[in-house]
Amino acid sequence: MRELHPATRGFAAADVYERGRPDYQAAAIAKIVELLGLRPGRTLLDLAAGTGKLTRLLVPSGANIVAVEPVREMRAELERRVRGVAALAGTAERIPLTDGYVDAATVAQAFHWFDEDAALREIRRVLRPGGGVALVWNARDERSPLQAALSVIIDPLEGDTPRRTKRDWKTMLAESGLFERCERKLFEHVQETDEQGVVDRVTSISFVATAPQPVRDDVEARVRAAVRAVEPPVRLPYMTEVYFGFAIG
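A brief report on the enclosed structure follows.

Parameters and conventions
- Residues numbered from 1 in each chain as written.
- Predicted model: local features only at pLDDT ≥ 70, side-chain atom pairs only at ≥ 80, totals over all residues.
- Heavy atoms only, no water.
- Helix = DSSP H or I, 4+ residues; strand = E, 2+ residues; numbered from the N terminus.
- Polar contact = N/O pair within 3.5 Å; in protein donor to acceptor, adjacent residues only side chain to side chain.
- Buried < 20%, exposed > 50% of the residue type's maximum accessible area, 1.4 Å probe, protein only.
- Contact = heavy atoms within 4.5 Å.
- Axes fitted to C-alpha atoms, helices over the stretch in contact; angles between N-to-C directions.
- Parallel < 35°, antiparallel > 145°, perpendicular 65-115°, else oblique.
- Left-handed = near helix turned anticlockwise from the far one by under 90°.
- Nonpolar A, V, L, I, M, F, W, Y, C, P; charged D, E, K, R; others polar.
- Phe/Tyr/Trp six-rings, centres within 6.5 Å; stacked < 30°, edge-to-face > 60°.
- Lys NZ or Arg CZ within 6 Å of the ring centre and 35° of its normal.
- Salt bridge = Lys/Arg side-chain N within 4 Å of Asp/Glu carboxyl O.

**Notes on the side chain of E93**
Within the element layout of this structure, E93 appears in the loop between β3 (86-88) and β4 (102-108). Within the structure, the side chain of E93 is placed 2.8 Å from the backbone nitrogen of D115, a separation counted as a polar contact.

**Here we look at the environment of L57**
Along the polypeptide, L57 turns up in helix α3 (residues 55-58). In this structure L57 comes out as partly exposed when scored by relative accessible area, which is 29%. C-alpha of L57 to C-alpha of S204: the two residues are 147 residues apart in sequence and 21 Å apart in space. With sequence-adjacent residues up to four places away left out, L57 is seen in contact with D23, Y24 and I29.

**Side note on the packing of helix α8 (residues 195-203) against helix α10 (residues 213-228)**
The interhelical angle for the contact between α8 and α10, taken along N-to-C directions, is 135°, at an axis separation of 9 Å. The angle between α8 and α10 falls in the class oblique. Crossing handedness for the pair α8 and α10: right-handed. Two secondary-structure elements touch here, α8 through E195, Q196, V198, V199 and V202 and α10 through V219, E220, V223, R224, V227 and R228. Residues belonging to the contact of α8 with α10 are distributed by class as follows: six nonpolar, one polar and four charged.

**So, the packing of aromatic side chains**
The final tally for this structure, using the stated rule, is four aromatic pairs. Following the ring pairs from residue to residue traces out a cluster consisting of F111, F114, W137, W169 and Y243. Across from the ring centre of F246, 4.3 Å away, lies the NZ or CZ of R181, which sits over that ring.

**Focus on the pattern of salt bridges**
Summed over all chains, the structure comprises 23 salt bridges. For R81, the salt bridge is made with E18, and the minimal N-O distance between the two is 3.8 Å. With R81 in helix α4 (residues 72-81) and E18 in helix α1 (residues 14-20), the pair connects residues that are 63 residues apart, well separated along the chain. The exposure class of R81 is partly exposed, given its relative accessible area of 46%. Salt-bridge contacts for R184 lead to E241; the nearest nitrogen and oxygen are separated by 3.6 Å. Of the two residues, R184 sits in strand β6 (residues 179-193) while E241 sits in strand β7 (residues 234-247), which places them 57 residues apart along the sequence. In this structure R184 comes out as partly exposed when scored by relative accessible area, which is 43%. Under the relative-accessibility criterion, E241 is labelled buried at 6%.

What follows is the structure, given as structure tokens:
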């Protein structure tokens, strides 16, 4: 498999990721199910599935789901939490499925880690003609004072780590020559949590999790101070972004 970015070592703390990360907005899930045609008899690839945050929300569609995840600890957490889903080791650049195996594919919180061209070719290879792909992100809504305060803590640590904000994903899909009818849909979402939940959310970020211990300790202290400065209950707003494209040919 293609070597992963060093920051992905932070995802070995799969339990922190599972506790800290939000789920996905119900209307966004409904739109994914609708546009990808997820139903019994259809097969879905959930690529870079992590701990199954998105996977488990798509199970009720009745589609047969194959989850592919390269990080062993994340894959083990997925297997514990999402029953009846095949969880395979693999990367976006080398998907362990045969040509035309799936009717649809999803990628949540992950496409920014991929080699774009290779990943798009692989996704197209395993999709049947006309099959859809949905790229999904929960983007922190920095209109929130708490989210803005967290960004002040987080952003200086990112280094060369790939991040969602560095690419126009709709344009990428449209210009690939592999997908058509590309569109972006947005859904407001809120994560109801507590102080420890916000700490887990921030420390689940790859480049925070792999920072030296004194840096992590400082981040945690600053996050706790930021949370204590706001009135309860603790609410972290997001925009769930979904980018759709459909295989040409």
